Amino acid sequence: MSHLTQKSAIVTGGSRGIGAAIVRRLAQDGANVAFTYLGGESQALELAKEIESLGVKALPIKADSSNEKSLSEAVKKTVSEFGKLDILVNNAGVAIMAPLDEFSIEDFDKTFAINVRAPFIAIKEAAKHLQRGGRIINIGSINADRMPFANGGVYAMSKAAVQGLTRGLARDLGPLGITINNVQPGPVNTDMNPEDGPFSAVLKPYLSVGRYGQPSEIGALVSFLAGPDSAYINGASLDIDGGFGN
Ligand code: NDP
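Cut-offs used in this document
- Residues numbered from 1 in each chain as written.
- Predicted model: local features only at pLDDT ≥ 70, side-chain atom pairs only at ≥ 80, totals over all residues.
- Heavy atoms only, no water.
- UniProt positions renumbered as here; feature names shortened; annotations may be inferred.
- Pairing = 2+ DSSP bridges.
- Helix = DSSP H or I, 4+ residues; strand = E, 2+ residues; numbered from the N terminus.
- Axes fitted to C-alpha atoms, helices over the stretch in contact; angles between N-to-C directions.
- Contact = heavy atoms within 4.5 Å.
- Phe/Tyr/Trp six-rings, centres within 6.5 Å; stacked < 30°, edge-to-face > 60°.
- Buried < 20%, exposed > 50% of the residue type's maximum accessible area, 1.4 Å probe, protein only.
- Parallel < 35°, antiparallel > 145°, perpendicular 65-115°, else oblique.
- Left-handed = near helix turned anticlockwise from the far one by under 90°.
- Nonpolar A, V, L, I, M, F, W, Y, C, P; charged D, E, K, R; others polar.
- Core = buried A, V, L, I, M, F, W, Y, C linked by side-chain atoms within 4.5 Å.
- Salt bridge = Lys/Arg side-chain N within 4 Å of Asp/Glu carboxyl O.
- Expected span 1.5 Å × (residues − 1).
- Bend = angle between axes of the 7 residues up to and from the residue.

The protein is annotated in an unreviewed UniProt entry as SDR family oxidoreductase of Flavobacterium agri. Here is the UniProt Sequence similarities (unreviewed entry) comment for the protein, exactly as written: "Belongs to the short-chain dehydrogenases/reductases (SDR) family."

## As for the sheet that holds strand β3 (residues 58-62)
The strand order across the open sheet formed by seven strands is β3-β2-β1-β4-β5-β6-β7, and the pairing between neighbours is parallel. Both outer strands of the open sheet, β3 and β7 (237-240), are each paired with one neighbouring strand and no more. Sheet twist, expressed as the mean angle between neighbouring strand axes with direction ignored, is 20 degrees. Relative to strand β4 (residues 87-90), strand β1 (residues 8-11) runs parallel, the two being bridged by three bridges. Bridge assignment links Val 11 to a residue of β4, and that residue is Val 89. Contacting β1, β2 (32-37), β4, β5 (135-139) and β6 (179-185), helix α1 (residues 17-28) crosses the sheet at an angle of about 170 degrees to β1. Its contacts with the sheet put helix α5 (residues 153-173) on β5, β6 and β7, and the angle it makes with β6 is roughly 160 degrees.

## Examining the packing of aromatic side chains
Enumeration according to the criterion identifies three aromatic pairs in this entry. Between the aromatic rings of Phe 149 and Phe 199, the centroid separation amounts to 5.0 Å while the plane-to-plane angle is 85 degrees, which identifies the pairing as edge-to-face. Here Phe 149, found in the loop between β5 and α5, pairs with Phe 199, found in the loop between β6 and α6 (200-203); they are 50 residues apart in sequence, far enough to count as distant. The exposure class of Phe 149 is buried, given its relative accessible area of 14%. Overall, Phe 199 belongs to the partly exposed group, its relative accessible area being 37%.

## Things to note about the packing of α1 against helix α2 (residues 41-52)
Here α1 crosses α2 at 20 degrees, and the two axes come no closer than 10 Å. With respect to α2, the element α1 is oriented roughly parallel. The element α1 and its partner α2 pack so that their crossing is right-handed. Where α1 approaches α2, its residues Ala 20, Val 23, Arg 24 and Ala 27 are matched on the opposing element by Leu 47, Glu 50 and Ile 51. The class makeup of the residues in the contact of α1 with α2 is five nonpolar, no polar and two charged.

## A look at the nonpolar core
The biggest cluster of nonpolar side chains holds 30 residues, and the ones touching the most others in it are Leu 26, Val 89 and Ile 137. Elements represented by at least two residues in this core include exactly β1, α1, β2, α2, β4, β5 and α7 (215-226). By residue number, the principal contributor to this core is α1, which donates six residues. Formed by 24 residues, the second largest nonpolar core is a distinct cluster that contains Leu 59, Ala 122, Leu 130 and Ile 178.

## Things to note about the pattern of salt bridges
Evaluation of the coordinates by the stated rule reveals seven salt bridges. Lys 76 is the salt-bridge partner of Glu 73, the closest N and O atoms lying 3.7 Å from each other. Of this pair, Glu 73 and Lys 76 both sit in helix α3 (residues 68-82), three residues apart, which is roughly one turn of that helix. Residue Glu 73 is classed as partly exposed on the basis of its relative accessible area, which comes to 38%. One salt bridge in this structure joins Glu 125 and Lys 128, with 2.9 Å as the shortest N-O distance.

## Let's talk about helix α4 (residues 105-126)
Each α-helix turn comprises 3.6 residues. Residues three or four places apart therefore point the same way. Between its terminal C-alpha atoms α4 stretches 30 Å, which fits the 32 Å expected from 22 residues at 1.5 Å a residue. Along α4, the sharpest change in direction is near 40 degrees and occurs at Arg 117; proline Pro 119 comes one to four residues later. Among the structural elements, α3, β4, β5, α5 and β6 are those in contact with the buried residues of α4.

## Digging into the environment of Ile 233
As for its position among the elements, Ile 233 is in the loop between α7 and β7. Assessed through its relative accessible area of 24%, Ile 233 is described here as partly exposed. On a C-alpha basis, the gap between Ile 233 and Ala 92 in space is 23 Å, while along the polypeptide they are 141 residues apart. Discounting chain neighbours no more than four positions away, the residues touching Ile 233 are Thr 179, Asn 181, Phe 224, Leu 225 and Leu 238.

Right, dumping it as C-alpha cells:
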C-alpha cells in the first residue's frame, strides 16, 4: 500500500509545471487528487485522464486563484466529491519581473493576489475540513532568502510573505494535529523558468549541482511532506534548490 492511499488532496495550479508534477506524484502514491487550472484546460483534462489510469480519482477544477469565491468553491468541491480533505498544496503562482520604474501597481496586486492572498484563502477554507493528520504545503521560492539578480523584488517579497504565513500558522494548526510547511524550490525547468531559456545563463552559476531541478523532484518532496512520516516537521521552509541559496 502506498503512503497516500485513501487520502484526498487538492493542488492549485495543477495543469502545468511543478503543479502537474505534484498532482502526478500524489496520485502515484495513492491519493485522489483535485487540481485547479485557469488557462490550461486541455492540459488539465489530459492530466486527469493520465492519473485516473493509475486507479485513483482525478478532479480538474477551473478556478481563478485571484478570485476568493472561485478558489474557496474549488476547495469545497473537492470535499463534496471526495468526501473529505487531507492535503492542500498551494502551488499556483506568477513570477513577474521588471525594473522598478516599469513595475506597475497592477502587476504588484496580481502577484500578491495569486502568490499570497490565494494561499491564505485556500488555507482558511481547507482548515474547516482538515482533520488531525492534515497537511498544508505551500510552494514558496528560494528567492525569499536569496535574490542575486535585479527586477525580482516583488516576487521575492511575495515568497517571503508565504514563509511568514507558514511559520505563523504552524502555531494555529499544530495543536490541531495539522502541519503546514513551505517548499522553496530553486530554478526548476518549467514554462515559468525553462532550463534552456535566455535567463538560465544568469541562474546556472548559482547552482552548486550544476543543473536545473525537474518538476518531479519537487513532487517527491511534496509527497513526503503530505504523508505520515513528516509529522514532526511544522512551520518549516525547506529548500530544494540545487544549492542556489547557499
Ligand atoms: P508555471 O508558470 O509553469 O505554471 C503555473 C501554474 O499556475 C499553471 O498551472 C497555471 O495554470 C497556474 N496559475 C497561474 N495563475 C493562476 C490563477 N490565477 N489561477 C489558477 N491557476 C493559476 O509555473 P511553475 O510550475 O514554474 O511554478 C509553480 C510554483 O512554483 C509557483 O508558485 C512558482 O512561484 C514556484 N516556483 C517556481 C520555480 C521555477 O523555477 N519554476 C522556482 C521557485 C518557485 P494555467 O496554465 O491553467 O493557467
